[in-house]
Amino acid sequence: MCLISAKTWGHCSDARVLCLHGIQDNCGTFDKLIPLLRRGFYYVCVDTPGHGRSSHYPPGFRITLECYVLAVKRVVDHLKWDRFKCIGHSMGGMIASLFTSLYPEHVVSLVMIDCAGPVPVHAQDTVKWLRMVCDGLLTIERKMKSGSPPSYTREQAIDVLMTKRPSKLTRSSANVLVERSLVDLPDGRHAFSMDQRLKVHYTQTLTPIQYMAIVNSIRCPVLHLRATDNPLQKDPGIKLSRKIYKSNPNVRMVKVNGNHDVHLNHPERIADLINTFLLSERSKI
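Residues numbered from 1 in each chain as written. Predicted model: local features only at pLDDT ≥ 70, side-chain atom pairs only at ≥ 80, totals over all residues. Heavy atoms only, no water.

The protein chain has the name AB hydrolase-1 domain-containing protein in an unreviewed UniProt entry, where Acyrthosiphon pisum is given as its organism. The protein chain has a UniProt comment under Sequence similarities (unreviewed entry) that states "Belongs to the AB hydrolase superfamily." (UniProt positions renumbered as here; feature names shortened; annotations may be inferred.)

Spelled out as structure tokens, the structure:
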């Protein structure tokens with residue numbers, strides 16, 4: 001069983017909001033956004049397993065969205081939450097979306113911040129896709145056994161996030177993520193704490209028809225924020241995913257200026273949209 005770490009804002013008696021971060025990030029990704037959101041809500045932001053200060057899953061298997069949905073359900077059951085709202089960025093939005101589909105009785109409303117996927121797998125591509133993820137996992141496992149992870153000073157770790165991340169971060173944003181991304185090494189340097197298996201595709205093998213059935217099972221209002229400066233949004237598979245979400249009348253899509261990490265680099269650009277959405281659904285909790 002994994003130990004789950006979290007950060008909270010507000011008072012536990014307030015209306016509940018569960019916040020889920022993106023792949024290879026941590027709950028610090030909401031540090032700049034939540035102070036701009038309305039008071040009167042209790043924001044619980046978790047480090048999903050393999051991220052931040054939470055423990056890793058046991059070795060030997062590929063981590064998928066289903067794994068994370070089960071982790072969320074365990075967190076919700078532990079907190080004894082019945083009804084709550086969700087905010088998810090990127091993979092966190094995908095986790096929240098699948099959770100909302102499977103457990104619609106729990107989620108009052110959902111905010112998805114630039115979720116480019118997951119991408120459906122066409123039936124004719126199933127074997128090729130499964131071979132790719134199996135080989136990917138085996139490659140990562142071999143690398144994990146072959147030596148120690150790279151070590152960095154804190155400033156070097158910040159530079160790594162700023163230069164190697166596909167979505168560009170400001171130094172201030174990178175500094176926020178680094179706070180929960182590093183583990184201390186005996187020599188005074190640091191290593192990134194994330195589970196290396198997160199570099200393998202985490203989506204399930206779902207055809208467009210299966211994926212549409214899942215998305216159309218979402219009954220609550222959804223605010224789907226799409227960043228204008230994210231090249232992945234132009235990918236044919238991502239366009240198909242977006243089309244599937246649009247088929248659900250409960251989903252409202254809004255474009256926002258910024259890149260994939262707009263919530264962290266420029267939270268003021270989306271805070272009002274989220275505040276209006278949260279307040280419009282507040283009475284339903």
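Asks: For this particular structure, what's the right way to read the environment of Leu3?
Replies: Inspection of the secondary structure puts Leu3 in the segment before β1 (5-9). In the structure, Leu3 is positioned 39 residues away from Tyr42 in sequence and 21 Å away in space, judged by C-alpha atoms. When residues no more than four places from it in sequence are discounted, the contact partners of Leu3 are Ser54 and Ser55. (Helix = DSSP H or I, 4+ residues; strand = E, 2+ residues; numbered from the N terminus. Contact = heavy atoms within 4.5 Å.)

Asks: Even after reading the chapter, I still don't get the pattern of salt bridges, so can you show me in this structure?
Replies: If the charged atoms of two oppositely charged side chains come close together, the side chains can form a pair. Evaluated as defined, the whole model comprises ten salt bridges. The closest approach of N and O atoms between Lys7 and Asp31, which form a salt bridge, is 3.0 Å. Separated by 24 residues along the polypeptide, Lys7 in strand β1 and Asp31 in the loop between β2 (15-20) and β3 (41-47) bring together distant segments of the chain. With a relative accessible area of 24%, Asp31 lands in the partly exposed category. Between Arg165 and Asp25 there is a salt bridge whose closest N-O contact spans 2.8 Å. One end of the pair, Arg165, is in the loop between α4 (154-164) and α5 (171-178); the other, Asp25, is in the loop between β2 and β3, with 140 residues separating them in the sequence. Residues joined by salt bridges that share partners form a network here, namely Asp25, Arg165 and Asp261. (Salt bridge = Lys/Arg side-chain N within 4 Å of Asp/Glu carboxyl O. Buried < 20%, exposed > 50% of the residue type's maximum accessible area, 1.4 Å probe, protein only.)

Asks: I keep staring at the pairing of strand β8 (residues 222-229) and nothing clicks. Help me out?
Replies: Along a regular strand, successive side chains alternate from one face of the sheet to the other. Of the pairings in the sheet, the one linking strand β5 (residues 107-113) to β8 comprises four bridges and is parallel in character. Note that in β8 the partner of Leu110 across the bridge is Val222. The pairing of β8 with strand β9 (residues 251-259) spans seven bridges and is parallel. Following the sheet pairing, Ala227 is matched in β9 by Val256. This β-α-β element, β8 to helix α7 (residues 236-246) to β9, shows right-handed connectivity. (Pairing = 2+ DSSP bridges. Right-handed = clockwise from strand over helix to strand, strands pointing away.)

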